[in-house]
Amino acid sequence: MQLQEAVQIIQKKFIAETQDKTEGPELDAYQDAFEKFPVLMEVATYAWADQIVQQNYEARKQQAMQAAQQQAGGSPQGTA
């Protein structure tokens, strides 16, 4: 199993859990992968979590830049 495949399994499990699914192929695949490749799945979990943190950081950075521009007298996006 490759790291990217492990990350995809984790992403699918996360999506299933956000939809309140407690059973299904996504959860079965995650459990199977974790049993067979525990270290890889741990590393993939950290890699996936880092991706989420980076995405959130970039989104908040963008929001802060837009807010600063608006406070500085720049026109808000979408208006001129």
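Look up: the structure comes first, before these words.
Residues numbered from 1 in each chain as written. Predicted model: local features only at pLDDT ≥ 70, side-chain atom pairs only at ≥ 80, totals over all residues. Heavy atoms only, no water.

Draft legend 1. Looking closely at the overall build of the protein chain. A tally of regular secondary structure across the protein chain gives three helices and zero strands. Starting at the N terminus and walking to the C terminus, you meet the elements of the protein chain as α-α-α. For a compact globule of 80 residues, the expected C-alpha radius of gyration is about 12 Å, and the protein chain comes in at 19 Å, more than 25% above that figure. Along the first, second and third principal axes, the C-alpha set of the protein chain runs to 55 × 25 × 15 Å. Nonlocal contacts in the protein chain, meaning residues at least 24 apart in sequence, comprise 59% of its contacts between residues at least 6 apart. Both charge centroids of the protein chain, one from 6 positive and one from 11 negative side chains, sit 7 Å from each other. (Helix = DSSP H or I, 4+ residues; strand = E, 2+ residues; numbered from the N terminus. Rg over C-alpha atoms; globule rule 2.2 N^0.38 Å. Contact = heavy atoms within 4.5 Å. Lys, Arg positive; Asp, Glu negative; His and termini not counted. Charge placed at Lys NZ, Arg CZ, Asp CG, Glu CD.)

Draft legend 2. Representation of a nonpolar patch on the surface in the model. On the surface, Leu 3, Val 39 and Val 43 cluster together into a nonpolar patch covering about 260 Å² of accessible area. By relative accessible area, which is 43% here, Val 43 ends up partly exposed. (Patch = residues over 30% accessible without salt bridge, like charges linked within 9 Å, V, L, I, M, F, W, Y side chains within 5 Å. Areas by Shrake-Rupley, 256 points an atom, 1.4 Å probe, with all protein chains shown as cover. Salt bridge = Lys/Arg side-chain N within 4 Å of Asp/Glu carboxyl O. Buried < 20%, exposed > 50% of the residue type's maximum accessible area, 1.4 Å probe, protein only.)

Draft legend 3. Just the packing of helix 1 (residues 3-18) against helix 2 (residues 25-36), in detail. Taken N-terminus to C-terminus, the directions of helix 1 and helix 2 make an angle of 140 degrees; their axes are 8 Å apart at the nearest point. Compared by their axis directions, helix 1 and helix 2 come out oblique. The hand of the helix 1/helix 2 crossing is left-handed. The residues of helix 2 that touch helix 1, namely those facing Ile 9, Ile 10, Lys 12, Lys 13, Ala 16 and Glu 17, are Glu 26, Leu 27, Ala 29, Tyr 30 and Ala 33. Here the contact of helix 1 with helix 2 is composed, by residue class, of seven nonpolar, no polar and four charged. (Axes fitted to C-alpha atoms, helices over the stretch in contact; angles between N-to-C directions. Parallel < 35°, antiparallel > 145°, perpendicular 65-115°, else oblique. Left-handed = near helix turned anticlockwise from the far one by under 90°. Nonpolar A, V, L, I, M, F, W, Y, C, P; charged D, E, K, R; others polar.)

Draft legend 4. Local environment of helix 3 (residues 38-71). Its 34 residues place the ends of helix 3 49 Å apart at the C-alpha level, agreeing with the 50 Å of an ideal helix rising 1.5 Å per residue. Elements that come into contact with the buried residues of helix 3 comprise helix 1 and helix 2. Immediately downstream of helix 3, the backbone of Gly 73 shows phi near 100 degrees, a positive value. (Expected span 1.5 Å × (residues − 1).)

Draft legend 5. Examining a negative patch on the surface more closely. A cluster of acidic side chains, namely Glu 23, Asp 28, Asp 32 and Glu 35, defines a negative patch on the protein surface. Tracing the backbone shows Glu 35 in helix 2. Among the residues examined, Glu 35 registers a relative accessible area of 65% and is labelled exposed.

Draft legend 6. The packing of aromatic side chains, seen in detail. This structure, assessed with the given rule, holds two aromatic pairs. Look at Phe 14 and Trp 48: their rings are 4.9 Å apart centre to centre, the planes differ by 55 degrees, and that puts the pair in the tilted class. Taken as a pair, Phe 14 in helix 1 and Trp 48 in helix 3 lie far apart in primary sequence, 34 residues in all. For Phe 14, a relative accessible area of 39% corresponds to the partly exposed category. Overall, Trp 48 belongs to the buried group, its relative accessible area being 13%. With a centroid separation of 5.5 Å and an interplanar angle of 50 degrees, the aromatic rings of Tyr 30 and Phe 34 are classed as tilted. Placement of both Tyr 30 and Phe 34 in helix 2 is noted, with a separation of four residues, approximately one turn of the helix. (Phe/Tyr/Trp six-rings, centres within 6.5 Å; stacked < 30°, edge-to-face > 60°.)

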